[in-house]
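Each chain is listed here by its residues.
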Amino acid sequence: MELNFIVNENKIKINVNPDKRLIDILRKDLQLTGTKEGCAEGECGACTVIINKKAVHSCLVHAITLEGKNVLTIEGLEKNGEIDIIQKYFLEEVAVQCGYCTTGMIMSTKALLYKTLTPTEEDIKIALSGNICRCSGYVQILSAVKKSAEKMRGDS
C-alpha cells in the first residue's frame, strides 16, 4: 500500500505492507535508528514515539494506521543543531545510564509536556508508566522531567 504521513516535519511517501510495524519503517526504511526495540510487545517503552502529540509504542503501530498522521521521533527533537531541553536535562540530571530506555523516556516526557507544563509527580509517573528503566531508581528521570517542565514554563 502507498502510505503518506509526516515524520519529523518531513512528508513521507512510501510503499509498504499494511501490517509493517512503525518501528520497522522508522529503523529500516527511513534509517531513523534512535527509536529502540526492546520487548516487541509494548511493555518496555524503548520504542516510544509521538503520533499526533501522543506517546505510542511504535512496535504496536501498523502502517495501515499511519495515513495522514504526524510522527515525531527522537531525531526530530533536534532544532538547528541544538538538542531539546528535555534531552539537556536528562543529561544534566544523569538520567541516562545504559541509555537503552532513554529515547522512549524522553519521548514520553515530550508527550506529557505537550499536555501540561505543570505536571504533578503523579502525572509524571503515569506518563512514564509505559517505560521501563532497568538501570535506575527513576529519581534522576523524575528530576529531569520536573526541571524540563520548569524551564519550558520559564521558572528557571
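Placed above this text is the structure.
Residues numbered from 1 in each chain as written. Predicted model: local features only at pLDDT ≥ 70, side-chain atom pairs only at ≥ 80, totals over all residues. Heavy atoms only, no water.

1. As for the side chain of T48
Thinking step 1. Positionally, T48 belongs in strand β3 (residues 48–51).
Thinking step 2. In this structure the side chain of T48 is engaged in a polar contact, spanning 3.4 Å, whose partner is the side chain of N131.
Thinking step 3. With near-sequence residues (within four places) excluded, T48 lies in contact with A55, V56, H57, T103, G104, M107, S108 and N131. (Helix = DSSP H or I, 4+ residues; strand = E, 2+ residues; numbered from the N terminus. Polar contact = N/O pair within 3.5 Å; in protein donor to acceptor, adjacent residues only side chain to side chain. Contact = heavy atoms within 4.5 Å.)

2. Regarding the pattern of salt bridges
Thinking step 1. Scanning the model with the defined rule gives 12 salt bridges in all.
Thinking step 2. Taking the shortest distance from any N to any O, the salt bridge between K79 and E9 comes out at 3.3 Å. Within this pair, whereas K79 is found in the loop between β5 (70–72) and α2 (85–92), its partner E9 is found in the loop between β1 (2–7) and β2 (10–15), the two being separated by 70 residues in sequence.
Thinking step 3. What makes K79 partly exposed here is its relative accessible area of 40%.
Thinking step 4. Taking relative accessible area as the criterion, E9 reaches 65% and is therefore assigned exposed.
Thinking step 5. We note a salt bridge from K20 to D29, for which the minimum N-O separation is 2.7 Å.
Thinking step 6. Accessibility expressed as a relative area gives 24% for K20, which makes it partly exposed. (Salt bridge = Lys/Arg side-chain N within 4 Å of Asp/Glu carboxyl O. Buried < 20%, exposed > 50% of the residue type's maximum accessible area, 1.4 Å probe, protein only.)

3. Here's the deal with the packing of helix α3 (residues 102–115) against helix α5 (residues 139–153)
Thinking step 1. The geometry of α3 relative to α5 is characterised by a closest axis approach of 11 Å and an angle of 40 degrees between their N-to-C directions. As judged from the angle between their axes, α3 and α5 are oblique. In the crossing of α3 with α5, the sense of the turn from one axis to the other is right-handed. Here M105, T109, L112 and L113 of α3 come into contact with α5, specifically with I141, V145, S148, A149 and M152. (Axes fitted to C-alpha atoms, helices over the stretch in contact; angles between N-to-C directions. Parallel < 35°, antiparallel > 145°, perpendicular 65-115°, else oblique. Left-handed = near helix turned anticlockwise from the far one by under 90°.)

4. Brief notes about the sheet that holds strand β4 (residues 54–57)
Thinking step 1. Strand order in the open sheet made by the 5 strands is β2-β1-β5-β3-β4, with mixed pairing throughout. Both outer strands of the open sheet, β2 and β4, are each paired with one neighbouring strand and no more. Taking the axes of each pair of neighbouring strands and ignoring which way they run, one obtains an average angle of 40 degrees across the sheet.
Thinking step 2. Examined bridge by bridge, β1 and β5 share 2 bridges and lie parallel to one another. Looking at the pairing, I6 lines up with N70 of β5. (Pairing = 2+ DSSP bridges.)

5. Regarding the packing of α2 against α3
Thinking step 1. As a packed pair, α2 and α3 sit with axes 10 Å apart at the nearest point and diverge in direction by 130 degrees. Taken together, the axes of α2 and α3 lie oblique to each other. When you trace α2 past α3, the crossing you get is right-handed. Residue-level inspection shows I86, Q87 and F90 of α2 in contact with α3, the latter providing T102, M105, I106, T109, K110 and L113.
Thinking step 2. In the contact of α2 with α3, the residues fall into 5 nonpolar, 3 polar and 1 charged. (Nonpolar A, V, L, I, M, F, W, Y, C, P; charged D, E, K, R; others polar.)

Just geometry here; none of it tells us what the structure is for.
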